[in-house]
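Each chain is listed here by its residues.
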Amino acid sequence: MKNNTYDAIVVGTGISGGWAAKELCEKGLKTLVLERGRDVKHIADYEDMKAPWELPHRGRKTQEDIRNSPIQSGVYNFHEGSRKFFVNDLDQPYEQVKPFEWARGYQVGGRSLIWGRQCYRRSDIDFEANARDGFGVDWPIRYRDIAPWYDYVESFVGVAGSKDGLPHLPDGNFQPPMPMNCLEKYVAERVNKGFNGERLIIHGRTANLTQQIGTRGPCQYRDKCESGCSYGGYFSSNAATLPAAAATGNMTLRPFSVVSEVIYDKEQRRATGVRVIDAQTLEVFEYYARIIFLNASTLNTTLILLNSKSDAFPEGLGNGSGQIGHNLMDMPYGMGATGTFEGFKDRYTFGSRPTGIFIPRFRNISAKTLTPKFLRGYTYQGGAWRGRISWADGVGAQLKEKLSEAGEWSMSISAWGEHLPYYDNKVTLDPVKKDKFGMPVLRIDCEFRENEKKLAEDAMNSAAEILEMGGLKNVTTYDRGKIPGSCIHETGTARMGKDPRTSVLNQWNQMHEVHNVFITDGSAMASSSCIPGPSITYMALTARAVDYAVCEMKKGNIR
Amino acid sequence: MNRREALIQVSMLLGGTMVGAQAFLQSSCTPATGHTLLLTREQIDLLNEIGETIFPATDTPGAKEADVGSFMDVIVADCYTPEDQQVFLEGLSRIQAESTKEFGKRFMQLSATDREMLLTRIDREHIDYMNNRKTGEPVHYFRMFKELTLAGYFTSEPGATHFLQYHPAPGRYDGCTTEKPWH
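Since the model is a prediction, treat every value here as computed from it, not as a measurement.

What counts, and where the lines are drawn
Residues numbered from 1 in each chain as written. Chains lettered and ligands numbered in written order. Predicted model: local features only at pLDDT ≥ 70, side-chain atom pairs only at ≥ 80, totals over all residues. Helix = DSSP H or I, 4+ residues; strand = E, 2+ residues; numbered from the N terminus. Buried ≥ 20, exposed ≤ 12 C-beta atoms within 10 Å, placed from the backbone. Expected span 1.5 Å × (residues − 1). Arc of directions from axis to C-beta. Contact = placed C-beta atoms within 7 Å. Core = buried A, V, L, I, M, F, W, Y, C linked by C-beta atoms within 7 Å. Pairing = 2+ DSSP bridges. Axes fitted to C-alpha atoms, helices over the stretch in contact; angles between N-to-C directions. pLDDT = per-residue confidence, 0-100. Nonpolar A, V, L, I, M, F, W, Y, C, P; charged D, E, K, R; others polar. Parallel < 35°, antiparallel > 145°, perpendicular 65-115°, else oblique. Left-handed = near helix turned anticlockwise from the far one by under 90°.

Trainee: Quick question: what am I supposed to make of the overall build of chain B here?
Mentor: Each helix and strand counted, chain B has 7 helices and 1 strand in total. The order of α-helices and β-strands along chain B, N terminus first, is α-α-α-α-α-α-α-β. Put simply, chain B has 183 residues, and 45% of those count as buried.

Trainee: Where do I start with the overall build of chain A in this structure?
Mentor: For chain A, the count of helices and strands is 11 helices and 20 strands. Expressed as lengths along the three principal axes of its C-alpha atoms, the size of chain A is roughly 80 × 55 × 45 Å. In chain A, buried positions account for 58% of the 559 residues.

Trainee: Even after reading the chapter, I still don't get helix 10 (residues 450-469) of chain A, so can you show me in this structure?
Mentor: Turn by turn, an α-helix covers 3.6 residues, leaving residues three or four places apart pointing in a common direction. Residue and element names in this part refer to chain A. Over its 20 residues, helix 10 runs 29 Å from end to end, which matches the ideal 28 Å to within 8%, given 1.5 Å per residue. Along helix 10, the residues that are buried comprise Asn 451, Glu 452, Leu 455, Ala 456, Ala 459, Ser 462, Ala 463, Ile 466 and Leu 467. Taken down its axis, helix 10 places every buried residue within 140° of arc, on the same side. For helix 10, the elements touching its buried residues are helix 6 (182-194), strand 12 (333-341), strand 14 (357-359), strand 15 (378-388), strand 16 (406-417) and strand 19 (473-479).

Trainee: Any chance you could explain the nonpolar core here in plain terms?
Mentor: A:Ile9, A:Val10, A:Val11 and A:Ile292 are the most contacted members of the largest nonpolar core, which has 152 residues in total. With 10 residues, helix 11 (residues 535-555) of chain A is the largest single contributor of residues to this core. If we ignore the near neighbours within four places in the chain, the residues touching A:Val11 are A:Gly17, A:Leu34, A:Val259, A:Val274, A:Phe293, A:Leu294, A:Asn295, A:Ala296 and A:Ile304. Grouped together as the second largest cluster of nonpolar side chains are 40 residues, B:Phe71, B:Ile95, B:Phe142 and B:Trp182 included.

Trainee: In this structure, what is going on with the sheet that holds strand 7 (residues 251-254) of chain A? I would like to understand it.
Mentor: In sheet architecture, strand pairing relies on hydrogen bonds along the backbone and comes in two forms, parallel and antiparallel. Residues and elements named next belong to chain A. Pairing in this open sheet of 5 strands is parallel, and the strands run 7-2-1-11-20 from one edge to the other. The open sheet is flanked by strand 7 and strand 20 (517-519), the only strands paired with a single partner. Averaged over all pairs of adjacent strands, the angle between strand axes in this sheet comes to 15°, irrespective of strand direction. With 3 bridges connecting them, strand 11 (residues 291-294) and strand 20 associate as parallel partners. Note that in strand 20 the partner of Leu 294 across the bridge is Ile 519. Strands strand 1 (8-11), strand 2 (31-34), strand 7 and strand 11 of the sheet are contacted by helix 1 (residues 15-26), whose axis makes an angle of about 165° with strand 1.

Trainee: What is the right way to read the confidence of the model for chain B from this model?
Mentor: One rule of thumb: low pLDDT means the predicted coordinates there are not for detailed reading. Scored by pLDDT, chain B comes out at a mean of 85, with 81% of its residues at no less than 70. Residue range residues 1-32 of chain B is modelled with pLDDT below 50. Its contacts to residues more than four positions away, or to other chains, number 91 contacts.

Trainee: Sorry if this is basic, but what is going on with helix 4 (residues 82-103) of chain B here?
Mentor: Residue and element names in this part refer to chain B. The end-to-end C-alpha distance of helix 4, which contains 22 residues, comes to 32 Å, matching closely the 32 Å that a straight helix rising 1.5 Å per residue would cover. All buried positions along helix 4 are accounted for by Phe 88, Gly 91, Ile 95 and Ser 99. Structurally, helix 4 contributes buried residues whose contacts are with helix 2 (41-54), helix 3 (68-79), helix 5 (112-131) and helix 6 (141-154). Once helix 4 ends, the next one or two residues include Gly 104, with phi positive near 70°.

Trainee: In this structure, what is going on with unusual backbone geometry? I would like to understand it.
Mentor: When glycine is set aside, most residues are seen to have a negative phi, and most peptide bonds are trans. Residue and element names in this part refer to chain A. Cis geometry is adopted by the peptide bond preceding Pro 218, which originates at Gly 217 and carries an omega value of 0°. Backbone geometry places Arg 58, a non-glycine residue, at a positive phi of 50°. Looking at the secondary structure, you find Arg 58 in the loop between strand 2 and helix 2 (63-68). One non-glycine residue, Asn 364, lies in positive phi territory at about 55°.

Trainee: How should I be thinking about the pairing of strand 17 (residues 426-434) of chain A in this particular structure?
Mentor: Both faces of the sheet carry side chains from a regular strand, because those side chains alternate between them. Residues and elements named next belong to chain A. Alignment of strand 17 against strand 18 (residues 440-445), held across 5 bridges, turns out to be antiparallel. Considered in strand 18, the bridge of Thr 428 is made with Arg 443. Between the antiparallel neighbours strand 17 and strand 18 lie 5 residues, among them Gly 438 with a positive phi of about 85°.

Trainee: Sorry if this is basic, but what is going on with the sheet that holds strand 9 (residues 270-278) of chain A here?
Mentor: Residue and element names in this part refer to chain A. Ordered in space as 8-9-10, the 3 strands form an open sheet in which the pairing is antiparallel. With partners counted over all chains shown, the strands left at the sheet margins are strand 8 (257-265) and strand 10 (284-288), one partner each. Strand-to-strand twist of the sheet, defined as the mean angle between neighbouring strand axes without regard to direction, takes the value 30°. The pairing of strand 8 with strand 9 spans 8 bridges and is classified as antiparallel. When the sheet's bridge partners are listed, Val 259 is paired in strand 9 with Val 276.

Trainee: Please clarify how the interface of chain A and chain B should be interpreted in this entry.
Mentor: Interface extent is often summarised as the accessible area lost during association of the parts. With 65 residues of chain A in contact, the opposing surface of chain B contributes 58 residues. For the side of chain A that touches chain B, the secondary-structure elements that each account for two or more residues are strand 12, strand 13 (348-350), strand 15, helix 9 (397-402) and strand 16 of chain A. Class assignment of the residues belonging to the side of chain A that touches chain B gives a composition of 19 nonpolar, 29 polar and 17 charged. As paired elements, strand 13 of chain A and strand 1 (residues 174-177) of chain B share 2 bridges and run antiparallel to each other.

Trainee: Teacher, can you tell me more about the environment of A:Val550 here?
Mentor: Residues and elements named next belong to chain A. Relative to the helices and strands, Val 550 is located in helix 11. The exposure class assigned to Val 550 is buried, which follows from the 20 C-beta atoms found within 10 Å. Taking the C-alpha atoms as reference points, Val 550 and Ser 503, 47 residues apart in sequence, are found 23 Å from one another.

Trainee: What is the right way to read the packing of helix 3 of chain B against helix 6 of chain B from this model?
Mentor: When two helices pack together, their arrangement is captured by the angle between the axes and the distance separating the axes. Residue and element names in this part refer to chain B. Contact geometry for helix 3 and helix 6: axes closest at 9 Å, N-to-C directions at 110°. Comparing the axis directions of helix 3 and helix 6 gives the class roughly perpendicular. Seen from helix 3, the contacting residues are Val 68, Phe 71, Met 72 and Ile 75; seen from helix 6, they are Leu 148, Thr 149, Gly 152 and Tyr 153. Its residues assigned to classes, the contact of helix 3 with helix 6 shows 6 nonpolar, 2 polar and no charged.

Trainee: Even after reading the chapter, I still don't get the environment of A:Asn509, so can you show me in this structure?
Mentor: Among the secondary structure elements, A:Asn509 is positioned in the loop between strand 19 and strand 20. Along the backbone, A:Asn509 and A:Tyr548 are 39 residues apart, and their C-alpha atoms lie at a distance of 9.5 Å.

Trainee: I keep staring at the packing of helix 4 of chain B against helix 5 of chain B and nothing clicks. Help me out?
Mentor: All names here are of chain B. Two numbers describe how helix 4 lies on helix 5: the axes approach to 11 Å, and their chain directions differ by 115°. Our pair here, helix 4 against helix 5, has a crossing hand that is right-handed. Of the residues in helix 5, those in contact with Glu 98, Ser 99, Glu 102 and Phe 103 of helix 4 are Asp 114, Leu 118 and Ile 122. By residue class, the composition of the contact of helix 4 with helix 5 is 3 nonpolar, 1 polar and 3 charged.

Trainee: What exactly am I supposed to notice about the environment of A:Gly28 here?
Mentor: All names here are of chain A. Topologically, Gly 28 is positioned in the loop between helix 1 and strand 2. Overall, Gly 28 belongs to the exposed group, with 11 C-beta atoms counted inside 10 Å. Put simply, Gly 28 and Gly 249 are 221 residues apart on the chain and 9.1 Å apart in space, counted from C-alpha to C-alpha.

Here's what the structure looks like:
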């Protein structure tokens with residue numbers, strides 16, 4: 001008979017699950033790693049080495065893609081090369097009480113294959129925000145608690161960036177940054193000077209390698225990230241953490257494993273394991289372990305918790321607070337400005353850089369920068385570029401001549417803002433509808449409110465000010481009207497906090513009410529922050545939580 | 001524009017480095033031998049000639065060598081809505097009708113000069129139409145022909161390697177070079 005008992009179980013193989021697997025295995029625990037989707041092997045299952053003309057649709061999405069995946073096909077990086085890393089929406093339904101774009105990648109590696117790769121540390125301005133203005137609950141940690149773990153994960157991930165010495169955007173353990181182009185340098189100099197250092201343009205910080213780590217990288221500047229990278233040029237579970245976990249000999253990876261619930265033993269007052277539906281055969285299995293890490297991604301971790309009903313927890317595992325599923329946040333984004341530049345006519349760019357420039361937060365970071373208009377703040381990502389003229393009037397040899405000319409230099413910046421935690425922004429289980437595995441489907445009820453709208457308006461107008469200060473002409477503003485979810489930073493539905501009555505997890509990402517269950521994906525966040533790239537924070541918290549959990553096991557505090 | 005959207009757009013503009021791949025592969029550069037999706041062999045041949053008129057061979061290859069006709073067959077069949085497919089197909093008849101009206105001959109029988117004269121006129125008309133187009137009115141068929149000709153050309157092997165420079169793995173980013181990275 002098959003042995004179904006392990007030291008640890010990790011649910012999910014995305015960016016945080018990969019880290020949980022690596023850390024647990026490296027600490028010597030026999031670890032079962034469960035993934036609901038198929039396996040994706042690093043390099044072998046990528047098709048990034050094909051030329052554009054080898055793609056039947058040269059990268060375009062088809063009507064069939066739109067029919068099968070009406071939500072996923074609208075995600076910014078869904079295309080012919082990346083669509084295999086997005087789910088079929090018809091196959092994996094959810095209910096939108098209000099419009100919510102839920103991007104999902106059900107495969108080994110999860111969305112770490114298709115993430116945006118930007119990595120910024122949060123600072124005490126972020127960790128103290130809830131306590132200061134009263135929205136949400138106070139974070140049970142401060143920057144000093146997580147700083148060494150940022151150091152730890154960054155050195156393994158490989159983050160290219162510059163050290164800028166900003167208290168509200170702490171420096172990290174960085175590889176050399178990817179260079180700015182001539183227009184970005186020019187604009188940065190003017191902006192940094194023109195705003196007296198209050199608004200700054202710095203290098204983007206990205207999990208694309210500028211120096212090799214082991215067999216990974218460096219980045220080849222191909223613009224192929226979302227198709228998977230055979231060079232290991234960017235960090236993913238498939239390229240980095242899962243191979244490290246496998247190398248210990250302690251990992252058992254089980255794809256096609258849909259976790260339906262965590263099994264709780266009332267007498268022992270601990271979780272004993274998980275129930276798994278085999279996605280191919282629909283057979284149900286139980287697996288047991290001493291500790292369980294839930295890393296199924298914010299909304300699916302919530303689904304598992306709410307579906308884990310027992311006499312002890314009729315409203316879902318560890319849900320005495322009633323907070324599970326509530327306080328859902330994303331980030332308002334997609335508002336900014338764009339402009340053109342008249343100079344550098346004899347300068348071009350070579351290679352496709354997978355990052356750009358970054359503008360750290362400058363609102364509400366000090367007494368001097370307080371605005372009465374809204375709480376919290378926003379940051380920008382952007383970049384300058386120059387391409388070939390892509391369209392012109394006429395036909396024939398003269399059209400060909402025109403299209404061999406370079407266009408003007410242009411630059412755009414786009415804001416990422418903070419989404420306050422509102423109790424009513426929530427996800428619940430549909431009382432009737434079930435998916436093909438018999439699991440209840442999620443009902444997502446989330447919106448942006450007044451603070452987000454005011455913040456977005458200010459971000460859009462400030463973007464124009466910055467570009468004008470930078471010397472750009474024809475500056476126009478835009479707001480893409482992005483709906484919640486579309487930033488793919490959904491967080492907050494099993495939040496950390498000091499008080500078990502108002503939060504789900506303690507300062508170690510350990511469930512207040514079930515001490516051998518840890519949750520270190522986005523659901524643990526007590527605030528969204530306006531710093532994009534939340535993944536590096538999930539990674540740091542995961543490594544930190546594993547370290548704590550294993551110490552507690554050794555001490556006998558977790559049986 | 002979001003930075004990543006911008007990057008994607010830029011890469012589309014440059015045409016050189018696009019995206020990864022799907023499991024199956026059917027190179028549109030190989031002249032098709034009878035197997036088509038939506039269009040007939042004759043229509044594909046006609047579109048290759050229209051494409052060549054729009055983007056002719058000069059010191060670099062033209063659209064016909066890039067077989068933009070077969071590319072259009074795939075894109076119109078798989079990526080266009082039924083309404084857009086209708087506009088596209090009607091456009092093929094319209095081109096023939098315009099050709100017959102002006103020269104008394106079908107497009108394939110016209111000289112290169114007459115073809116260019118005809119399409120120059122239609123290009124001007126299509127720009128007027130597009131500039132005055134009201135919401136809900138369809139895109140002009142010639143916008144489709146021209147857009148697909150250019151897109152098909154720049155993502156084809158002849159276009160990407162001879163008109164543009166094709167660097168499958170640039171290995172570096174130079175944000176301030178004096179070398180123009182295309183023809």
